[in-house]
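Residues per chain are reported as follows:
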Number of protein chains: 2
Amino acid sequence: MDKSVRETSLAGRLKTACAQCSLRELCLPVGLNQDEVARLDRLVGARRKVLRQQPLYRAGDPFEALYAIRVGFFKTDVLNEDGRNQVTGFQMAGEILGMDGISSEMHSCNAIALEDSEVCVIPFDQLESLGRDIGALQHNLHQVLSREIVRDHGVMMLLGTMRAEERLAAFLLNISQRFTVRGFSHAEFHLRMTREEIGCYLGLKLETVSRAFSKFQDEKLISVQQRRIRILDSAGLKKALERRSG
Amino acid sequence: MDKSVRETSLAGRLKTACAQCSLRELCLPVGLNQDEVARLDRLVGARRKVLRQQPLYRAGDPFEALYAIRVGFFKTDVLNEDGRNQVTGFQMAGEILGMDGISSEMHSCNAIALEDSEVCVIPFDQLESLGRDIGALQHNLHQVLSREIVRDHGVMMLLGTMRAEERLAAFLLNISQRFTVRGFSHAEFHLRMTREEIGCYLGLKLETVSRAFSKFQDEKLISVQQRRIRILDSAGLKKALERRSG
DNA sequence: CGTATCCTTGATTCGCTTCAACATTAGTGG
DNA sequence: CCACTAATGTTGAAGCGAATCAAGGATACG
């Protein structure tokens, strides 16, 4: 009992407890009461720092935990036998990494930090165990997993049906929207990834991505200075998303 | 107590109980003991028949249950505002449908039967509840959700990096493999979907799909008679999957 | 037997990739 | 601090693969 008190105060000292975390409402604790958050907190044993360009985990690593991003920016990608590479997503603070590993006890993709980052390590067997006690936590986990499935469907739509410029517009609006939710400017941000990584996500070559950026700039939809992006005409970008031909 | 006996015998009469189901090992009951399977069985209230071309659910429908396919064949697709359509998957017996609905209490895609089908209806709140009692069931659910995420990554790889013929080869090998697991011939099967639906899944136009079929037939990799497919050279098909250029 | 749906094949067009050259920025060591 | 180098980004020209447009053939169904 006083062990729990000690741990809570330790967490408080590090300012890393879920209860104090600004990302609480985006993350697993959403909707839990104070006591439940405290129990989740005790479970989140360690925070882990991951330096830029370093992997949080790699395909083939044994699956042990989910990771909640506290600060930073990641990409996930899959590599197949013949060297093909596909970026499956870019993840920012408050989002959960590692769900690919649950099905086979082994990670099937790589998670690479695109800037110096920090994650909360959530041992999965303990999370399942606590989920059996706390229905709301269990349901949150299910929602996080399902949300990822729905997001993936959106990426399939993008890759399967959209033109290059439509893909980039969708990408920019998505990034912008997610920054907004996190309290950052929706109009100005800097991309953490290279043109090649964007292309690899959007199913395009880096030259095509670069051309699309230039086109949008010519059309005064955005201004681009390397990775510094300013959205000048968000309605125009949304229009660029719409299918041109009938 | 005798209520459970009565229900078990009822289930036995209908030959639809999980315990008797040939798909047990592919489905949610995998790894559960007899008693646990019986409890899951009691939860699976109704079986539901879905006629060819009819929806099991539609985007926007309230989410209430997951569905385990007993017999039949489905496609799932998403439709966006400007009329674009993307088939996100084809599902066969033993696979689970409906996971897209968990995140928002509402389905985000359509599930359409491609032949007369039957599903087990698994009310989701009850499944969560039983999962809190039966750790193995809870874990199975998590694995099913994660497997879907990993599958989606494979589709992204396909859509993002592969050429038309590579996509079709991957598709055929995937279908073949899943039929094999279910005890059907890996070499001969008939497709339940049109060329257009295949194209819509693979991010190609139906003419391109048709041409790729013809090409494979010319190369003696497969024989095609409408939807009747015979794989003549599975190793050759796997080769067609490999990137041609360096 | 007639009609609608689905499929195949050919010719042409278009969008993205490929190849290439160069510009810019970031990082490193003298 | 600057020179040097590697990494990243931009832009142009040519080539190629899939889409589009079009016509005809096969199959299923009432």
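Attention here is on the structure that accompanies the text. Only a predicted model underlies this, so the values are computations on that prediction, with no experimental measurement involved. (Residues numbered from 1 in each chain as written. Chains lettered and ligands numbered in written order. Predicted model: local features only at pLDDT ≥ 70, side-chain atom pairs only at ≥ 80, totals over all residues. Heavy atoms only, no water.)

1. Comments concerning the protein's contact with DNA strand D
And step 1. Surveying the vicinity of DNA strand D reveals 18 residues, the closest of which are Arg195, Ser210 and Ser214 of chain A together with Ala164 and Thr208 of chain B.
And step 2. A share of 66% of the atoms of DNA strand D within 4 Å of the protein falls on sugar and phosphate groups.
And step 3. Within the contact set of DNA strand D, a phosphate oxygen lies 3.2 Å away from a backbone nitrogen or oxygen of Lys205 of chain B.
And step 4. At 3.3 Å from a base nitrogen of DNA strand D is found a side-chain nitrogen or oxygen belonging to Glu207 of chain B.
And step 5. Of all the elements, helix α7 (residues 206–218) of chain A adds the most residues to the surface near DNA strand D, at 5 residues.
And step 6. Looking at the surface near DNA strand D residue by residue, the class counts come to 3 nonpolar, 7 polar and 8 charged. (Near = heavy atom within 4 Å. Polar contact = N/O pair within 3.5 Å; in protein donor to acceptor, adjacent residues only side chain to side chain. Helix = DSSP H or I, 4+ residues; strand = E, 2+ residues; numbered from the N terminus. Nonpolar A, V, L, I, M, F, W, Y, C, P; charged D, E, K, R; others polar.)

2. What to know about helix α6 (residues 195–202) of chain A
All names here are of chain A.
And step 1. Counting buried positions along α6 gives 7 out of 8 residues, so the element sits mostly inside the fold.
And step 2. For α6, every residue scored as buried is listed here: Arg195, Glu197, Ile198, Gly199, Cys200, Tyr201 and Leu202.
And step 3. Among the structural elements, β4 (73–79), β5 (85–92), α4 (135–161), α5 (164–181), α7 and β10 (222–225) are those in contact with the buried residues of α6.
And step 4. Of the residues one or two after α6, Gly203 is the one with positive phi, at around 70°. (Buried < 20%, exposed > 50% of the residue type's maximum accessible area, 1.4 Å probe, protein only. Contact = heavy atoms within 4.5 Å.)

3. Brief notes about unusual backbone geometry
All names here are of chain B.
And step 1. Positioned with a positive phi, Lys220 is a non-glycine residue whose angle comes to about 60°.
And step 2. Mapped onto the elements of the fold, Lys220 is located in the loop between α7 (206–218) and β10 (222–225).
And step 3. Phi is positive for Gln226, close to 55°, though the residue is something other than glycine.
And step 4. On the accessibility criterion, Gln226 (65% relative accessible area) is exposed.

4. Focus on the relation of the copies chain B and chain A
Both copies of the chain are related by a screw-like operation: a rotation about an axis and a shift along it.
And step 1. Superposing chain B onto chain A takes a rotation of 180° plus a shift of 0.0 Å along the axis, which leaves an RMSD of 0.0 Å. Such a turn and shift between the copies fits a two-fold axis. Minimal C-alpha separation from the rotation axis in chain B is found for Arg132 of chain B, amounting to 2.1 Å.
And step 2. Taken as a fraction of all interface residues of chain B, those also at the interface in chain A reach 100%, which identifies the copy contact as same-surface. (Least-squares fit on C-alpha atoms with pLDDT ≥ 70 in both.)

5. Topic: the pairing of strand β3 (residues 65–71) of chain B
Residues and elements named next belong to chain B.
And step 1. In terms of residue burial, β3 counts as a mostly covered element, since 6 of its 7 residues are buried.
And step 2. Looking at chain direction, β3 and strand β8 (residues 117–123) are connected through 6 bridges and run antiparallel. If you follow Val71 over to β8, its bridge partner there is Glu118.
And step 3. Bridge count for β3 against strand β6 (residues 96–97) is 2 bridges, and the pairing is antiparallel. Within β6, the residue paired with Ala68 across the bridge is Ile96. (Pairing = 2+ DSSP bridges.)

6. Some words on the sheet that holds β3 of chain B
And step 1. Ordered in space as β1-β8-β3-β6 (chain B), the 4 strands form an open sheet in which the pairing is antiparallel. Whereas interior strands pair on both sides, the edge strands pair on one side only; in this sheet they are β1 (47–50) and β6 of chain B.

7. Some points on the interface of chain B and chain A
And step 1. Taken residue by residue, the interface counts 47 residues in chain B and 47 residues in chain A.
And step 2. Around 4200 Å² of area is buried between chain B and chain A when both sides are counted, 60% of it from carbon and sulfur atoms.
And step 3. Considering only the surface of chain B that becomes buried against chain A, Arg84, Arg132 and Met156 of chain B emerge as the three largest contributors, covering 18% of it.
And step 4. The interface formed by chain B and chain A contains 2 salt bridges.
And step 5. Residue Arg84 of chain B is joined to Glu166 of chain A by a salt bridge in which the shortest nitrogen-to-oxygen separation is 2.9 Å. (Buried area = accessible area lost by both parts, 1.4 Å probe. Salt bridge = Lys/Arg side-chain N within 4 Å of Asp/Glu carboxyl O.)

8. Points about the protein's contact with DNA strand C
And step 1. Around DNA strand C lies a shell of 18 residues, among which Ala164 and Thr208 of chain A together with Arg195, Ser210 and Ser214 of chain B are the nearest.
And step 2. When the atoms of DNA strand C within 4 Å of the protein are sorted by group, sugar and phosphate make up 64%.
And step 3. The contact in question runs from a base oxygen of DNA strand C to an N or O atom on the side chain of Arg211 of chain A, over 2.8 Å.
And step 4. Within the side chain of Arg195 of chain B, a nitrogen or oxygen atom sits 2.7 Å from a phosphate oxygen of DNA strand C.
And step 5. Put simply, the parts of the chain that give the surface near DNA strand C at least two residues each are α7 of chain A together with α7 of chain B.
And step 6. Counting residues per element, the surface near DNA strand C draws most heavily on α7 of chain B, which supplies 5 residues.

9. Notes on the sheet that holds strand β1 (residues 47–50) of chain A
Residues and elements named next belong to chain A.
And step 1. Pairing within the open sheet is antiparallel, and its 4 strands lie in the order β1-β8-β3-β6. At either margin of the open sheet sits one strand with a lone partner, and together these are β1 and β6 (96–97).
And step 2. As judged from the 4 bridges shared by β1 and strand β8 (residues 117–123), these two strands associate in the antiparallel manner. Residue pairing across strands places Arg48 opposite Val119, the latter belonging to β8.
And step 3. Each of β3 (65–71) and β8 is contacted by helix α3 (residues 124–133), which is oriented at about 60° to β8, the strand it contacts most. (Axes fitted to C-alpha atoms, helices over the stretch in contact; angles between N-to-C directions.)

10. What about the packing of helix α5 (residues 164–181) of chain B against helix α8 (residues 234–241) of chain B?
All names here are of chain B.
And step 1. Interhelical geometry of α5 versus α8 gives an angle of 135° and a closest axis separation of 8 Å. By the criterion of interaxial angle, the relationship of α5 to α8 is oblique. In the crossing of α5 with α8, the sense of the turn from one axis to the other is left-handed. Contact residues: Glu166, Ala169, Ala170, Leu172 and Leu173 in α5; Ser234, Leu237, Lys238, Ala240 and Leu241 in α8.
And step 2. Taken together, the residues of the contact of α5 with α8 sort by class into 7 nonpolar, 1 polar and 2 charged. (Parallel < 35°, antiparallel > 145°, perpendicular 65-115°, else oblique. Left-handed = near helix turned anticlockwise from the far one by under 90°.)

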